[in-house]
Amino acid sequence: MLKLIDAKEEYLVQYKEAYLETLKQLKLGKIKKHNVMFLNPDEEDIIKYFMDMRDINKLPSHYVPSYNYFTVDNDTLIGIINIRIKLTDKLLRYGGHIGYAVNPIYWKKGYGTKILKLGLEKAKSLILEDKILIT
């Protein structure tokens, strides 16, 4: 069963595999650079980064707090989701409240739809606004 979880050490090998597969798809032209959501785990402590994104005091001034989760199906990392709790003018035009990515090896299996549905449910408890914007 697919679920959202806080980032955990036990999934970092799979996260790196998703990152590398995403880079392959980028080189093949199947995704654009601005759509790459997986970060290089060799350059970034993913768990710390995800937790720091929740704390406005640890963010650059043009960032908004966000909640980042791994999406897992049983013990398999399928993707990630980012739920921003408020919007800037830029996010109103591009980005919205929710962004998500599926490891390319799991593309075209319905996971994107399921991740978005879980994200919308979670966003209702995190976002204080009446509407949730997805662009």
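K.L.:
Teacher, can you tell me more about the overall build of the protein here?
P.N.:
Each helix and strand in the protein was counted, giving four helices and four strands. Helices and strands in the protein line up, N terminus first, as β-α-α-β-β-α-β-α. For the protein, whose C-alpha radius of gyration is 14 Å, the value lies close to the compact-globule estimate of 14 Å for 135 residues. Along the first, second and third principal axes, the C-alpha atoms of the protein reach 35 × 30 × 30 Å. With 135 residues in all, the protein has 42% of them scored as buried. Residue pairs in contact within the protein that sit at least 24 positions apart in sequence constitute 56% of those at least 6 positions apart. For the protein, the exposed area adds up to about 8500 Å²; of that, 52% sits on carbon and sulfur atoms.

K.L.:
Explain the pairing of strand β3 (residues 76-84) here, please?
P.N.:
Along a regular strand, successive side chains alternate from one face of the sheet to the other. Of all the nine residues making up β3, eight are buried; the element is thus mostly covered by neighbouring parts of the structure. Pairing of strand β2 (residues 66-73) with β3 involves eight bridges; the strand directions are antiparallel. Bridge assignment links D73 to a residue of β3, and that residue is T76. Between β2 and β3, which pair antiparallel and follow one another directly, the connecting turn spans two residues, one of which, N74, has a positive phi of 60 degrees. Here β3 runs beside strand β4 (residues 98-102); their pairing, made up of five bridges, is antiparallel.

K.L.:
Got a minute to help me understand unusual backbone geometry in this structure?
P.N.:
Outside of glycine, negative phi angles account for most residues, and trans bonds account for most peptide bonds. Positive phi, normally seen in glycine, also occurs at N74, with a value near 60 degrees. Judged by relative accessible area, which is 57%, N74 ranks as exposed. A positive phi is found at K108, a non-glycine position, where the angle reads about 65 degrees. Of note, K108 is situated in the loop between β4 and α4 (111-126). Looking at K108, the relative accessible area reads 85%, which means it is exposed.

K.L.:
It is not clear to me how the sheet that holds β4 should be interpreted in this structure. Could you clarify?
P.N.:
Adjacent strands of a sheet pair through backbone hydrogen bonds, lying either parallel or antiparallel. One open sheet holds the four strands; their spatial order is β1-β2-β3-β4, and the pairing between them is antiparallel. A strand with exactly one partner marks an edge of an open sheet, and here the two such strands are β1 (2-5) and β4. Ignoring which end each strand starts from, the neighbouring axes of this sheet average 25 degrees apart. Of the strands in this sheet, β2 and β3 touch helix α1 (residues 12-27), which is tilted by about 80 degrees from β3. Its contacts with the sheet put α4 on β1, β2, β3 and β4, and the angle it makes with β4 is roughly 150 degrees.

Definitions and limits used
Residues numbered from 1 in each chain as written. Predicted model: local features only at pLDDT ≥ 70, side-chain atom pairs only at ≥ 80, totals over all residues. Heavy atoms only, no water. Helix = DSSP H or I, 4+ residues; strand = E, 2+ residues; numbered from the N terminus. Rg over C-alpha atoms; globule rule 2.2 N^0.38 Å. Buried < 20%, exposed > 50% of the residue type's maximum accessible area, 1.4 Å probe, protein only. Contact = heavy atoms within 4.5 Å. Areas by Shrake-Rupley, 256 points an atom, 1.4 Å probe, with all protein chains shown as cover. Pairing = 2+ DSSP bridges. Axes fitted to C-alpha atoms, helices over the stretch in contact; angles between N-to-C directions.

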